Amino acid sequence: MLLSTLMNQKSLEKHSLSKARLKSFSLVTATAIGCISIATSATAASFSFAFGSNGTGNGEFNFPNGIAVDGGGNIYVADTSNSRVQVPDSGGVFQSTSGSNGSGNGQIDVPVGIAVGGGGNIYVADGSNNRAQVFNFSRVFESAFGSNGAGNVQINRPRGITVDSGDNIYVADADNDGAQVLSQSQPPVSTPELFGIIVLGILGSGLVVRRLAKSR
């Protein structure tokens, strides 16, 4: 169901991409046919190079969605329909892969979003497993958080994921129509907010989750 939803949004993504090409930044695009395009520019995006083709082998992709780049230029691709993460180098040459289809630790089912932290950890929005997983800089499974549901620390079809300089983790909790924020250092408190309540709770790994509730 998640994959079907993503495919239905292809035309919207193309429209968004055409606008993004006018902005001043390095542009990395994952396409449904398994090709990754890299574009760089000062004022408008211009083609640099592409890599990948449709398939299941190393360096081949099947409906890739999320993509991220670390400080060394390595590229991390959420190879969605192959249920894995692939890591090419800065030139697009295959280096390694993480994950396999399944629901165990280190296994992934329809990964959509991906991010890389300052310490080299890889954060994956594990879509059909309703959780996020963390791999270390050696691409080895480190931890997982989330389960199916609508409560705190529960995630329903996560789509996007990112991490800030303080290693706070932000997850787009798609089917719950919200987002969750996880911190590795913040104490568990409840804080009134102008637009709702942020509720905090401690995860087994020492992370703290905050959910922005809808205002009433």
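Please refer to the structure higher up on the page.
The notes below deal with the structure included here. (Residues numbered from 1 in each chain as written. Predicted model: local features only at pLDDT ≥ 70, side-chain atom pairs only at ≥ 80, totals over all residues. Heavy atoms only, no water.)

**With respect to the nonpolar core**
Where we set the bar: Side-chain atoms within 4.5 Å are what join buried Ala, Val, Leu, Ile, Met, Phe, Trp, Tyr and Cys residues into a set we call a nonpolar core. For every residue, the accessible area (1.4 Å probe, protein chains only) is compared with the maximum for its type, and the residue is labelled buried under 20%, exposed over 50%, or partly exposed between those bounds. The secondary structure listing takes helices from DSSP runs of H or I that are at least 4 residues long and strands from runs of E that are at least 2 residues long, numbered from the N terminus.
Counting 12 residues, the largest nonpolar core consists of A115, Y123, A125, A132, V134, F145, I155, I161, V163, I169, V171 and L182. Where this core is concerned, the elements lending two or more residues are β11 (122–126), β12 (131–135), β14 (158–163) and β15 (169–173). By size, the runner-up hydrophobic cluster in this structure holds 11 residues, among which are Y76, I108, I122 and F135.

**Remarks on the side chain of N82**
The criterion, for reference: Under the rule applied, a polar contact is a pair of N or O atoms within 3.5 Å (in protein, one hydrogen donor and one hydrogen acceptor; residues adjacent in sequence only if both atoms are side-chain atoms). Contacts were defined at the residue level, with two residues in contact if any of their heavy atoms lie within 4.5 Å.
Position of N82 relative to the elements: it lies in the loop between β7 (75–79) and β8 (84–88). A polar atom in the side chain of N82 sits 2.9 Å from the backbone oxygen of G55. Among residues more than four places away in sequence, those in contact with N82 are G55, T56, E60, F61 and N62.

**Focus on the environment of V85**
Considering the arrangement of structural elements, one finds V85 in strand β8. Taking the relative accessible area as the measure of exposure, V85 reaches 1% and is therefore buried. When the C-alpha atoms of V85 and P111 are compared, they prove to be 7.9 Å apart, with 26 residues separating the residues in sequence. Non-local contacts of V85, meaning those with residues more than four positions away in its chain, are made with V77, S96, T97, S98, I108, I114 and V124.

**Describing the sheet that holds strand β13 (residues 141–145)**
Strand pairing in a sheet relies on backbone hydrogen bonds, with the paired strands running either antiparallel or parallel. Note the threshold: Any two strands between which DSSP finds at least two bridges are classified as paired. The axes are straight lines fitted to the C-alpha atoms, using for helices just the contacting stretch, and the angles between their N-to-C directions are given from 0 to 180°.
Read across the sheet, four strands follow the order β10-β11-β12-β13 without closing on themselves; strand pairing throughout is antiparallel. Strands with a single pairing partner mark the edges of an open sheet, and in this sheet they are β10 (111–116) and β13. Along the sheet, successive strands turn relative to each other by an average axial angle of 20 degrees, direction set aside. In the sheet, β12 pairs with β13 via four bridges, with the strands oriented antiparallel. Of the residues in β13, the one forming a bridge with V134 is S143.

**Topic: the sheet that holds β7**
The strand order β6-β7-β8-β9 describes an open sheet built from four strands, whose pairing is antiparallel. Sheet topology places β6 (67–69) and β9 (94–98) at the edges, where each strand pairs with a single neighbour. For this sheet the average axis-to-axis angle between neighbouring strands, irrespective of direction, equals 20 degrees. Pairing analysis gives four bridges linking β8 to β9, with the strands arranged antiparallel. Within β9, the position partnered with P88 by the bridge is F94.

**Let's talk about the packing of aromatic side chains**
Where we set the bar: Each Phe, Tyr or Trp ring, with Trp reduced to its six-membered ring, pairs with another whose centre is within 6.5 Å; inter-plane angles below 30 degrees give stacked pairs, above 60 give edge-to-face pairs, and intermediate values give tilted ones.
Considering all chains together, one arrives at three aromatic pairs under this definition. Relative to F61, the ring of F51 has its centre 6.2 Å away and its plane inclined at 65 degrees; by these criteria the two rings are edge-to-face. With F51 in strand β3 (residues 46–51) and F61 in strand β5 (residues 60–61), the pair connects residues that are 10 residues apart, well separated along the chain. Since its relative accessible area comes to 8%, F51 is described here as buried. For the pair F135 and F141, a centre-to-centre distance of 6.3 Å together with 80 degrees between the ring planes defines the contact as edge-to-face. Judged by relative accessible area, F135 falls into the buried class, the value being 3%. The exposure class of F141 is partly exposed, given its relative accessible area of 26%. Here a set of aromatic residues connected by ring pairs shows up, and it is made of F49, F51 and F61.

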